[in-house]
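So you can see what is in the structure, the chains are spelled out below.
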Amino acid sequence: MATNRWGKRIKAFRKLKGYTQIEFADVLGISVSQLGEIERGRRTPTTENLENIANKLDVSLEELQPNNKEREERRYVENR
């Protein structure tokens, strides 16, 4: 399930930055099918993939990371 959330975030940022899947796969140096599998949650991105994706999208890994319920609750408690 977490893999699917990573994929959704990657896809959202990719689209926000104006890349097609083909263009972004080319920028990353991976196949379109690999990128598609990551975005659909069928393939778990490696740490190296995630760092490369974040770098190419010009976002931090923290921004790219899917929202984690526990992390959100911790922020809520800290900000009270």
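Residues numbered from 1 in each chain as written. Predicted model: local features only at pLDDT ≥ 70, side-chain atom pairs only at ≥ 80, totals over all residues. Heavy atoms only, no water.

Chemist: Which parts of the structure should I look at to understand unusual backbone geometry?
Modeler: Across the chain, the bulk of peptide bonds are trans and the bulk of non-glycine residues have phi less than zero. Positive phi values are uncommon outside glycine, yet Asp58 reaches one of about 60°. Inspection of the secondary structure assignment puts Asp58 in the loop between helix H4 (47-57) and helix H5 (61-64). (Helix = DSSP H or I, 4+ residues; strand = E, 2+ residues; numbered from the N terminus.)

Chemist: Help me out: how do you make sense of helix H3 (residues 32-40) in this one?
Modeler: Each full turn of the α-helix corresponds to 3.6 residues, which orients residues three or four apart in the same direction. Along H3, the residues that are buried comprise Leu35, Gly36, Ile38 and Glu39. All buried residues of H3 fall inside an arc of 160° around its axis, so they share one side. Where H3 is buried, its residues contact helix H1 (2-16) and helix H2 (21-28). Phi turns positive, to about 85°, at Gly41, one or two residues after H3. (Buried < 20%, exposed > 50% of the residue type's maximum accessible area, 1.4 Å probe, protein only. Arc of directions from axis to C-beta. Contact = heavy atoms within 4.5 Å.)

Chemist: Just to check I follow, could you spell out the pattern of salt bridges for this structure?
Modeler: Charged atoms that come close allow side chains of opposite charge to pair. In total, this model carries two salt bridges according to the counting rule given. When the shortest N-O distance is used, the salt bridge between Arg14 and Glu39 registers 2.6 Å. A residue pair is termed long-range when its members are at least 10 positions apart, and Arg14 in helix H1 and Glu39 in helix H3 qualify at 25 residues. Assessed through its relative accessible area of 5%, Arg14 is described here as buried. For Arg43, the salt bridge goes to Glu37, with nearest N and O atoms at 2.9 Å. (Salt bridge = Lys/Arg side-chain N within 4 Å of Asp/Glu carboxyl O.)

Chemist: Explain the packing of aromatic side chains here, please?
Modeler: Two aromatic rings are characterised by how far apart their centres lie and by the angle between their planes. All told, the structure shown has one aromatic pair when counted by the stated rule. On the numbers, 5.0 Å between centres and 40° between planes, the contact of Tyr19 with Phe24 is tilted. (Phe/Tyr/Trp six-rings, centres within 6.5 Å; stacked < 30°, edge-to-face > 60°.)

Chemist: Explanation requested: the confidence of the model for the protein in the structure shown.
Modeler: Any segment with low pLDDT has predicted coordinates that should not be analysed in fine detail. Taken as a whole, the protein shows an average pLDDT of 87; of its residues, 82% reach a score of 70 or greater. Mean pLDDT in the protein bottoms out at helix H6 (residues 69-78), which sits at 54, and peaks at H2, which reaches 98. (pLDDT = per-residue confidence, 0-100.)

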